[in-house]
Structure formats: C-alpha cells, structure tokens
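Spelled out, the chains give:
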Amino acid sequence: MSRIIGIDLGTTNTCTAFVSNKIPRVIPTESGFNTMPSVVTFHPDGTVLVGQAAKEQMLTYPERTLHGIKRLLGRQGSSRTVQELRGYFSYKIVTGEKGLAAVEVGGKIHTCDEIQSHILKQIRRYAEINLGEDIPDVVIAVPAYYSDQQRALVKRAGSLAGWNVKRIVNEPTAAALAYGFNRGFDQKILIYDLGGGTFDVSILEITGNVFQVVASGGDMFLGGSDFDARIQDWILDMLRKQYKVELDDDPAALQRVRSAAERAKIELSLLANTEIRLPALVERRGKSIDVNMVLDRDTLNSLTEDLVGRTISVIDRLLEDCHIGKHEIEEVIPVGGQTRMPLVVDAITSHFNRSPRKGIHPDECVALGAALLGDSLAKIDAVTLLDTLSVPLGVSDRNGKLKVLIDRNVRLPHKASMDIATQTDNQTVLELDVYQGESEIPVQSAEYLGTLIYADIPPAPATTVKVNIEMLLDAEGMLSITASNNQSGAPKKITLTTVERPTNDDSLEERRGPGVVPPEPSSGLKGLVRSLWSKK
Ligand code: AMP
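All figures in this text were calculated on a predicted structure; none of them were measured in a lab.

**Comments concerning the overall build of the protein chain**
A count of helical and extended segments in the protein chain gives twelve helices and 28 strands. With respect to the principal axes defined by its C-alpha atoms, the protein chain has extents near 80 × 60 × 50 Å. Counting the 536 residues in the protein chain, one finds 55% classified as buried. Considering only contacts in the protein chain between residues 6 or more positions apart, those separated by 24 or more positions represent 66%. Counting every atom, the protein chain has about 22600 Å² of accessible surface; 48% of that belongs to carbon and sulfur. Between the mean site of the 60 positive side-chain charges and the mean site of the 69 negative ones, the protein chain shows a separation of 1 Å.

Here's what the structure looks like:
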C-alpha cells in the first residue's frame, strides 16, 4: 500500500508532510525549506514559476505573479468577497467559466483551480524526489468555511496535478490531530488560526482518537495581510509627510512598500524596533529618493490592536453560541504564521488566562495532521473525525435574505429534506438559488453555490404536486442533492447550475427571482419561499 501524504495548501505558504514509523514529518522543498510560498508566476517567456522562484518575481511582474488564490477559489467573480479582494491584489481578477473568479495574465484567462494545480504539481515533484517513490494519493486540508464548490475545486486541482485526493479535511481538525493524535487526551481545545488572509476558530473535543468539532467560526476578511496593510498605510503616510511623495500610480513601488511592511511586521515579532529601508523607491524631479524609517513594536501594536481585538470578539461570540465558558477550554492551539506576533500571544494569554500551547509549529501542524489522517485512512478505525458545517447553507427568501436550511455547526454527514408545492397550474420547472452564508444576510453577501433546477414536474393544478428535495452534506462537507415529486418519476440527482445573477443592491428585485418558474407567464419568486421551505 502506497503512502498517503498530507498537504496544507495555504493562502500564503504550502506545507506537505508524510508519516514514517507513526511520526509525521514535513517534506522539505528542494531548497530545504519546510514551506513553499503559494505563489505562481506566468513569466512573459512562457515558463511557469512556482514557490520561492515565483515570489521573487513579485516586484518585477506584479501583474503576472499570483498569490492568495486560495481566497478567490470557487467564488463568484461578481461576489462582494471578490470585489473586495480586487483591492488587495496587483493582478487582474476577472469573471471566468461558470461566473467564477479567474485571473487574466497577458490576455489569457486562468482558472483558480488551474493555478492551485501548479502549486500542487510542484509539491508532487519535490515530495516524490524526497521520498523516492511515486505518490498517487493525498489528503488536502481546506478552511472549515470552504463551501461545497470550493472543496470540489480543490479536489479538481489535486486531480489536475495527477493525484487521487483521498480525503478533504478541515484545517482546524487537521491541526487538532497534530496536537492530540494518539495522546489519549480527554479535553476541549480551541484552534486559533490566524493566517495570511483569514481568521478561523474552532472548538474541538478530543476523547482518545475521536476528534469532534463542537463549533467553528471566523472572519474571512481578517488575516496577516490586514496587519501588513496597516503598516503599509503608516509607511505611505510617513512618505507623504516626510518625503512629500505619493505612490498611488506606481504599482512596483507600492509592491515594494507592501513587502517591506510584511518584513517589518515579522521582524517585530522578535525585535523591539526595526528599520524600513527602501533605497531608490521613487524619483522626484529627476532625483531618486532613498527611504529610511524606524518602526517600533509599540507603534505596530497600536496600529493593529483592533485587529487582534476582532479575533477575540469572534471567539467570544462562538463560545457564547455553543454555551461553552472560557474556563472550559483546556488548550488554545495557535495555527498560522500571524500567531507568532507577541500581541496575539498576549491577547490569547490574557483572555484565557493561559498562554497558547507551545511546541506546536503554527506553519506545519495542519500538514502534519493531514498526513496523520492520510496514514490512518489505510487503517481501520484508527481515528474518528466528527466534523460540523461551519457556514449555514440556504436559499434566498422573498426579501432577498438568506433563509437557512442547514444550520451552522450541525454534525456531518447531515441530510435535510423539504417539500415544495407548485405555485401555478401546469408548472413544470422548479428553480432555486442555493447559497452558503450567515442567516438573514442579504444573499448578495452570501456565497452563491449555484441554482437547483428540477424540470421533471408533471403538468397539474397548482399546489397538487409536491417536490421533495433532499440535500446531503457528506463527512467532507460535499453537497449532493436529489429531487423527486409525489406524482411521477424516480428521485433524480441534481447538480447545481450556475445562472448569471445581477449583483448590485438595486437589482434586489431581480435577484429574488426566478424561484419557481412557471411555464408562462413568469410570476417570479414573490411569495414563493414564504410557504414552501419547510424542514421535515
Ligand atoms: P499562513 O497563511 O499561515 O502561512 O500565515 C502567513 C501569515 O503569517 C503572513 O501574513 C505572514 O506575514 C505572517 N507571519 C509569518 N511569520 C510571522 C511572524 N514571525 N510574525 C508575525 N507574522 C508572521
């Protein structure tokens, strides 16, 4: 039996691990690093650079160097999330196939799963060189909040890289495995995962080798890059005041400032102050300007304390939601590079009255846990994972708000079943938009997963046909849907279809449609969901 390796396909860095003699170990890159930057450059000469080589092109080819793709993967190009992310990245984000966010480089459109597959191919290469064997199977960790669609695309990226993705595992669950596998614990832990782009928090109960997710939540717009942005703004402000320089129209200079900001932040995790040097940053009146400034830890802390405070508020809300007291948490496991910041360590320590668990490598534990899971898949019942849905799943209600059908934190696998009666005489088609997002938010802010179209309704008077829809979320959070009706035909498997939807707020009326689509004339969605969705 060949071994199954574990991969943490991170926003910023990717890490890979395998298990040897029951011990999980990181597989180093060819240059000997334990992680590889999750960066891909489409060089003008046609070569595709991946990892460190690509990261080095960030300044020279900011529009061709793709990073943070994990945040765009599987999201609608028109979604708010993607609109906001446009401001973060120097490369061109477009709407590609099926309305999904894609990237345009040199006039060519690349899908996000294709870009992720370049990263995975590179990993595959160095893993096989390192282990000296063919590795057909992998376990890939994904954020707990990833939608069904995003999970499917990660699997696709894996297969484009030539792998069988044996299992998708949630990152916090993998981190918990790295901490507690085979240790005989009986405790509640909290995974505090502050990475490059997102903050995720999960509470797990570990009983022996049973890992049960009690609840998870987070903030998809809070991560290391927000800390960098605060420093970047501080530098830009100083440039304006001290050097009378504006960089707005100079992407290369801005990229240099962004890199310097991140470097300063990382240095300030170790040092009390750091020098930011940007020689020949810009030219003014034909003279190049060298920039030198000092940033100290106290200033960094005051620039970013509200960001750290937001992580604590997310935790408090989650604890409150699941009626768990702070004192019940026996360990806080730090995951993600940003947890190395002393301010983060201090905030956790003072909030929980205990310091975050030491000895866990925040950049490696997810990959180590995924490898442990991969290893245990070959063995019967070595480990039991009881995961939950972290973002509710639902449809649009008649006010354009998300009506939740499967709530957050339900145990996976989970099946929801509902009956929908036809609204009009001779209605033959039922059409519903499916979303993942928080309850009650406008659907524009939720993640559109696709449209469920059921066209097998026999013509009959209104309300006489009931369509039964069953949604199954499996243990990996993958969604499958079947529909049947009470008059004819066998249950039918339904794949969500992408239907172009208007996105701005003014178009809410249109967005509410089409819901149940009668043959003609169209009556839109009004009044539809009000009476129709009822959980069995
Ligand atoms: P991850 O997505 O887990 O790889 O986390 C990457 C984020 O962690 C980036 O925003 C890095 O700038 C940040 N990071 C890495 N090392 C440190 C450090 N020593 N101190 C503060 N932030 C760090």
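Back to the write-up after that little detour.
**Some thoughts on the domain arrangement of the protein chain**
Domains assigned within the protein chain are domain 1 (4-222 + 306-386), domain 2 (224-301) and domain 3 (393-535). Look at where the C-alpha atoms of domain 1 and domain 3 centre, and you get two points 31 Å apart. Across the contact, 25 residues belong to domain 1 and 18 residues belong to domain 3. A combined buried area of about 1900 Å² lies between domain 1 and domain 3, and 41% of that area is made up of carbon and sulfur atoms. When the buried surface of domain 1 facing domain 3 is broken down by residue, Gln-76, Arg-80 and Asp-148 rank first, second and third, together holding 28% of it. The partner of Lys-155 in a salt bridge is Glu-476, with the nearest N and O atoms 3.4 Å apart. Applying the counting rule to domain 1 against domain 3 returns seven residue pairs in polar contact (both at pLDDT 80 or more). For the side of domain 1 that touches domain 3, the secondary structure elements donating two or more residues are α2 (80-86), α4 (148-160), β12 (164-170) and β15 (210-219).

**Focus: empty space enclosed by the protein**
The tally for this structure, following the rule as stated, stands at five cavities of 30 Å³ or more. Approximately 70 Å³ is the volume attributed to the largest cavity. Taken together, 14 residues make up the lining of the largest cavity; nearest its centre are Tyr-146, Arg-151, Leu-389, Gln-436 and Gly-477. Of the residues assigned to the lining of the largest cavity, the class counts are six nonpolar, five polar and three charged. Both of domain 1 (4-222 + 306-386) and domain 3 (393-535) provide at least three residues apiece to the lining of the largest cavity.

**What to know about the site of the ligand**
Around the ligand, the structure places 13 residues, and the nearest of them are Thr-12, Gly-196, Glu-262, Lys-265 and Ser-269. Taking Asn-13, its side chain carries an N or O atom lying 3.5 Å from an oxygen atom of the ligand. Here an oxygen atom of the ligand sits 3.2 Å away from a polar atom, N or O, in the main chain of Gly-337. In isolation the ligand has 500 Å² of accessible area, and contact with the protein removes 87% of it. The leading source of residues in the shell around the ligand is helix α7 (residues 251-267), at three residues. Residues from two domains meet in the shell around the ligand; each of domain 1 (4-222 + 306-386) and domain 2 (224-301) gives at least three.

**Concerning helix α8 (residues 297-321)**
With 25 residues, α8 extends 34 Å from end C-alpha to end C-alpha; this agrees with the ideal 36 Å at 1.5 Å per step. Of all the bends in α8, the largest measures some 55° and sits at Thr-304. For α8, the N-terminal cap is Asp-296; the gap from its side-chain oxygen to the backbone nitrogen of Asp-298 is 3.3 Å.

**Some points on the pattern of salt bridges**
Pairing between side chains of opposite charge can happen when the charged atoms of each approach one another. Across all of its chains, the model carries 23 salt bridges by this definition. Ionic pairing is found between Arg-124 and Glu-128, a salt bridge with its closest N-O pair at 3.0 Å. One end of the pair is Arg-124 and the other is Glu-128, both in helix α3 (residues 112-131) and four residues apart, which spans about a single turn. Look at the salt bridges and you will find they share partners, linking Asp-237, Arg-240, Lys-241 and Glu-246 into a network.

**Digging into the layout of surface pockets**
Here the idea is plain: a probe the size of a water molecule rolls over the atoms and shows the empty space left. Each pocket or cavity is described by its volume, and for the second largest pocket that value is around 800 Å³. Surrounding the second largest pocket, 32 residues form its lining, Gly-218, Asp-219, Met-220, Val-391 and Glu-438 being those nearest its centre. When residues of the lining of the second largest pocket are traced back to their parent elements, those giving at least two are α2, β14 (199-207), β15 and α8. Ranked by the residues each element gives to the lining of the second largest pocket, the list is headed by α8, at five residues. Across the lining of the second largest pocket, the residue classes break down as ten nonpolar, eleven polar and eleven charged.

**Structural notes on the sheet that holds strand β27 (residues 492-494)**
Spatial ordering of the open sheet is given by β22-β25-β26-β27, a layout of four strands whose pairing is antiparallel. Here the strands that pair on one side only, and so sit at the sheet edges, are β22 (414-421) and β27. On average, each strand axis in the sheet is tilted by 25° relative to the strand beside it, whichever way the strands run. As paired elements, strand β25 (residues 466-473) and strand β26 (residues 479-485) share seven bridges and run antiparallel to each other. Each bridged residue has a counterpart across the sheet, and for Leu-473 the counterpart in β26 is Leu-479.

**A word on the packing of helix α6 (residues 224-243) against α8**
Any two packed helices are characterised by how steeply their axes cross, that is the angle between the axes, and by the distance between the axes. It is at 10 Å that the axes of α6 and α8 come closest, and there the two elements cross at 140°. Viewed along their axes, α6 and α8 adopt a mutual orientation that is oblique. In terms of crossing hand, the pair formed by α6 and α8 is right-handed. Side by side, α6 and α8 meet where Asp-226, Phe-227, Arg-230, Ile-231 and Trp-234 of the first sit next to Thr-299, Leu-300, Leu-303, Thr-304, Asp-306, Leu-307 and Val-308 of the second. For the contact of α6 with α8, the class distribution of residues is seven nonpolar, two polar and three charged.

About the criteria used
Residues numbered from 1 in each chain as written. Predicted model: local features only at pLDDT ≥ 70, side-chain atom pairs only at ≥ 80, totals over all residues. Heavy atoms only, no water. Helix = DSSP H or I, 4+ residues; strand = E, 2+ residues; numbered from the N terminus. Buried < 20%, exposed > 50% of the residue type's maximum accessible area, 1.4 Å probe, protein only. Contact = heavy atoms within 4.5 Å. Areas by Shrake-Rupley, 256 points an atom, 1.4 Å probe, with all protein chains shown as cover. Lys, Arg positive; Asp, Glu negative; His and termini not counted. Charge placed at Lys NZ, Arg CZ, Asp CG, Glu CD. Domains from an automatic or database assignment. Buried area = accessible area lost by both parts, 1.4 Å probe. Salt bridge = Lys/Arg side-chain N within 4 Å of Asp/Glu carboxyl O. Polar contact = N/O pair within 3.5 Å; in protein donor to acceptor, adjacent residues only side chain to side chain. 1 Å grid on protein atoms, 1.4 Å probe; cavity = no way out; pocket = protein on both sides within 12 Å on 5 of 7 lines; lining within 4 Å. Points joined across faces, edges and corners; volume = space filled by probe spheres on them. Nonpolar A, V, L, I, M, F, W, Y, C, P; charged D, E, K, R; others polar. Near = heavy atom within 4 Å. Expected span 1.5 Å × (residues − 1). Bend = angle between axes of the 7 residues up to and from the residue. Pairing = 2+ DSSP bridges. Axes fitted to C-alpha atoms, helices over the stretch in contact; angles between N-to-C directions. Parallel < 35°, antiparallel > 145°, perpendicular 65-115°, else oblique. Left-handed = near helix turned anticlockwise from the far one by under 90°.

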